[in-house]
Amino acid sequence: MSHWIILPIVLPAMLAPFIVLAARYHISIQRVFAVAGVLAQLAIAIGLAVATSDGTIILYQLGDWAAPFGIVLVGDRLSTIMVLLTAVLSLFVLIYAIATEWDSRGANFHALFQFQLMGIMGAFLTGDLFNLFVFFEVLLIASYGLMIHAGGNERMRAGVQYVLFNLLGSTLFLFALGSIYAETGTLNMADLAHRAALIGADATVGIRVAAVLLLLVFAIKAALVPLHFWLPSSYAEAPGPVAALFAIMTKVGAYAIIRVYTMIFPPNLEATSGSFDVWLQPAALLSLALGMVGVLAAKKLDRLVAFAVIGSMGMVLVSISMFTPTSIAAALYYILHSTLAGAALFLIVDLVKASRKSLALTAMPPVAGAALTAGLFFAAAIAMAGLPPLSGFIGKLLILDAAFGAGHQGLIWFVILASSLVAVVGFGRAGSTVFWKAKSVMLDADDPVYERPHVMAYAAVGGLIALSATLTVLGGYVYDYMIATSEQLFDPAPYISTVLETPGKLSTPTEGH
Amino acid sequence: MEFLVASAVGILTAAGLYLVMRLRTFPVILGMSLLTYAVNVFLFASGRLVIGAPPILTDAETYTDPLPQALVLTAIVISFGMTAVVVMIALGSYLGSDDDGVNDPAFEKDEDLS
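Since the structure is predicted, the reported quantities are computational estimates derived from the model, not experimental observations.

Draft legend 1. Region of the structure containing the overall build of chain B. A tally of regular secondary structure across chain B gives four helices and zero strands. In sequence order, the secondary structure elements of chain B are arranged as α-α-α-α. Radius of gyration (C-alpha) of chain B: 20 Å, far over the 13 Å computed for a compact globule of 114 residues. Along the first, second and third principal axes, the C-alpha set of chain B runs to 75 × 25 × 20 Å. The buried share of chain B, reckoned over its 114 residues, is 27%.

This is the structure we're talking about:
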């Protein structure tokens, strides 16, 4: 049993207390350790992704207890690619936070950042539903701290909303877990898959309630309309780099939906059929439409990007709700793309905020370093709106292609294409107001002079956009990998047998115990 | 017994939800606490209600499921910590802006377009 797979969780869990205890008053030492930790994390993530790329399923039994009695970590193609995405994103976000000195504007940024990574990595790697809940709480409690980093009244108020909404979500999660346990007597995902299929047709009430409750919980995390209300204020008011890191958190919800509904409640399970095309698909189409209308209607740049995130999550969930191997593959590609593009946009909003009186979409004097910031915004907006040549275009094309011949094809095509047009207009309007109309406003003598952001801040944003371009150039390879991933998801038998049939401590009882 | 536990969960949830719909942080936090109590009792009951049986397999006929008790313990610890966090953040927000509303401020106040 190789121990590499637990390192993405243990490494930040060790690093964070170390940073708090040993380097509390030395921001430069904190930075060194944080960057080293994230780089190590990235190396491990690459290693795990390579190890699972041939379809291997890595199983790690904590304390060597066999499933379903012990907790297991499982790495397959899907979880390792999400771990890799998190590691890549966190590296760029950390570079940005250090370059703009966001990390020194309040206490304990780096420790909370590491705890946040621990929670996200754990949520992607765990093979146990209650453990998923625990890692959700770890990532949430770290995110509460990060969300109100550097303080301020607006941010505190948004923080209260964010915490309360997520506490409600956690309560709902516990209700769902309780009903699942009452119905099946297990919380291990592989064991659940086995037992959910055994429930007789006349006794499905409980498991259906549990399946829908669980879908609701993940929909809250994924900011699906009408459960999205927590997202706009909290993402807009959070510090820029934190909002960029949060771009992966909505994807944790999407990941959980894919994982649970391919394995435990697969589409061919009669008891829970219908929850996708009847409930998820209309809600996803609505979030896509509402997100992009929000982009057009936003009066401030930060809200605009928050609504773009809601729209892109709608796009991901539209693709998931079709639930074919190609549509899941398209959704996974879009998850990679929208995480990078969303994070880049939040960082750009922060660049603009640092050199402008407010983020209101009105003409104001040019921001410091206007040409470069405007260029980056242009590229990120192209990626987010889904125009060629960046990865959003390929992602949308794949989703449209997956919708071809599926149910409600006309409606899906119409909503995706119309919302893209609205998004293009919205981003175009925002970009031209913020960056072009700036030339028409004279600089007052008493206006404060803003400093140009640090070059490494630009490098971090540019790196994210370059990755989006890489996703386009290597689109064929990435899509092939996603197809392989989704084939693995639609054939969960090897996963289940690996988890349940690997012997652990319990399988070899020794004499005298 | 079943009726007692079920109605306790129901009443706690109803009261919690009612309080969560208030607009000020204090009742909302109280409502959250009631909701977490409700979910703790619910989790406890998810392993079936058994009286006077040990939580381990023995030679006796019945036993009570130990796993929900472990789950409840985890849930209690987490919800306790989370409540402490939300109380602190809500206090910070109230002391900072002299307003304990949960909603966003009215639209005009929010749009600082200057």
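So much for the structure itself; the text now carries on.
Draft legend 2. Representation of the interface of chain B and chain A in the model. Between chain B and chain A, the residue contacts involve 30 residues of the former and 27 residues of the latter. The element that contributes the greatest number of residues to the side of chain B that touches chain A is helix α3 (residues 67–97) of chain B, accounting for 15 residues. Among the residues forming the side of chain B that touches chain A, the class breakdown is 18 nonpolar, nine polar and three charged.

Draft legend 3. Main features of the nonpolar core. All names here are of chain A. Among the nonpolar cores identified, the biggest contains 226 residues, and A344, I348, A380 and V461 are the most heavily contacted of them. At 20 residues, the largest contribution of residues to this core is made by helix α13 (residues 325–353). Sequence-distant contacts of A380, that is, excluding residues within four places in its chain, are made with A341, A344, L345, I348 and I465.

Draft legend 4. Structural view of the environment of A:M384. Residues and elements named next belong to chain A. Structurally, M384 is set in helix α14 (residues 370–385). Exposure remark for M384: the 27 C-beta atoms within 10 Å place this residue in the buried category. The spatial distance from the C-alpha of M384 to the C-alpha of A344 is 9.6 Å, given a sequence separation of 40 residues. Sequence-distant contacts of M384, that is, excluding residues within four places in its chain, are made with A308, S312, A341, L345, G392 and F427.

Draft legend 5. Expanded view of the pairing of strand β1 (residues 58–61) of chain A. Residue and element names in this part refer to chain A. Here β1 shows a clear split, with L59 and Q61 buried on one side and none of I58 and Y60 buried on the other. Examined bridge by bridge, β1 and strand β2 (residues 72–75) share four bridges and lie antiparallel to one another. In the strand pairing of β2, Q61 is matched with V72.

Draft legend 6. Examining unusual backbone geometry more closely. The residue after A:A67, namely A:P68, is reached through a cis peptide bond having omega 5°. With respect to the helices and strands, A:P68 occurs in the loop between β1 and β2. Of note in this structure, A:A223 is not a glycine but carries a positive phi near 55°. When you line up the elements, A:A223 lands in the loop between α8 (205–221) and α9 (230–237). Its identity as a non-glycine residue notwithstanding, B:R48 has a phi of 70°, on the positive side. Along the polypeptide, B:R48 turns up in the loop between α2 (25–45) and α3. Overall, the presence of 12 C-beta atoms within 10 Å leaves B:R48 in the exposed class.

Draft legend 7. Focus on the environment of A:V478. All names here are of chain A. Within the element layout of this structure, V478 appears in helix α18 (residues 475–490). Each C-alpha atom, one on V478 and one on Q41, is 21 Å from the other, the two residues being 437 residues apart in sequence. When residues no more than four places from it in sequence are discounted, the contact partners of V478 are Y333 and L471.

Draft legend 8. Layout of helix α11 (residues 275–297) of chain A. Residue and element names in this part refer to chain A. Look at α11: 31 Å from first C-alpha to last across 23 residues, which is about the 33 Å you get at 1.5 Å a residue. The principal kink in α11, of about 30°, is found at Q281, preceding the proline P282 by one to four residues. Along α11, the residues classified as buried are F276, L280, Q281, A283, A284, L285, S287, L288, G291, M292, G294 and V295. Looking at the buried residues of α11, the elements they touch are α12 (301–322) and α16 (409–436).

Draft legend 9. Quick look at the packing of α11(A) against α12(A). Residues and elements named next belong to chain A. Axis separation between α11 and α12 bottoms out at 7 Å; the angle between their running directions is 155°. As summarised for this structure, α11 and α12 are arranged roughly antiparallel, according to the angle between their axes. Along this stretch, α11 crosses α12, giving a crossing that reads as left-handed. A per-class count over the contact of α11 with α12 returns 16 nonpolar, seven polar and one charged.

Draft legend 10. Layout of helix α1 (residues 7–22) of chain A. Residues and elements named next belong to chain A. Taking 1.5 Å of rise per residue, the 16 residues of α1 would be expected to cover 22 Å, and the 21 Å separating its terminal C-alpha atoms lies within 8% of that figure. Buried within α1 we find P8, I9, P12, L15, A16 and I19. The arc enclosing the buried residues of α1, seen along the axis, measures out at 145°, which places them on a common side. The exposed residues of α1 that point more than 90 degrees off its buried face are L21 and A22. The inward-facing, buried residues of α1 abut α2 (27–52), α3 (77–99) and α4 (109–125).

Draft legend 11. How the structure looks around the packing of α9(A) against α12(A). Residue and element names in this part refer to chain A. Running from N to C, α9 and α12 cross one another at 130°; their axes reach a closest spacing of 8 Å. The pairing of α9 with α12 is recorded here as oblique in orientation. Of the two elements, α9 crosses α12, and the hand of that crossing is right-handed. Residues L231, P232, Y235 and A236 of α9 touch α12, and the partners they reach there are D302, R303, A306, F307, V309 and I310. When its residues are assigned to classes, the contact of α9 with α12 shows eight nonpolar, no polar and two charged.

How each quantity is defined
- Residues numbered from 1 in each chain as written.
- Chains lettered and ligands numbered in written order.
- Predicted model: local features only at pLDDT ≥ 70, side-chain atom pairs only at ≥ 80, totals over all residues.
- Helix = DSSP H or I, 4+ residues; strand = E, 2+ residues; numbered from the N terminus.
- Rg over C-alpha atoms; globule rule 2.2 N^0.38 Å.
- Buried ≥ 20, exposed ≤ 12 C-beta atoms within 10 Å, placed from the backbone.
- Contact = placed C-beta atoms within 7 Å.
- Nonpolar A, V, L, I, M, F, W, Y, C, P; charged D, E, K, R; others polar.
- Core = buried A, V, L, I, M, F, W, Y, C linked by C-beta atoms within 7 Å.
- Pairing = 2+ DSSP bridges.
- Expected span 1.5 Å × (residues − 1).
- Bend = angle between axes of the 7 residues up to and from the residue.
- Axes fitted to C-alpha atoms, helices over the stretch in contact; angles between N-to-C directions.
- Parallel < 35°, antiparallel > 145°, perpendicular 65-115°, else oblique.
- Left-handed = near helix turned anticlockwise from the far one by under 90°.
- Arc of directions from axis to C-beta.

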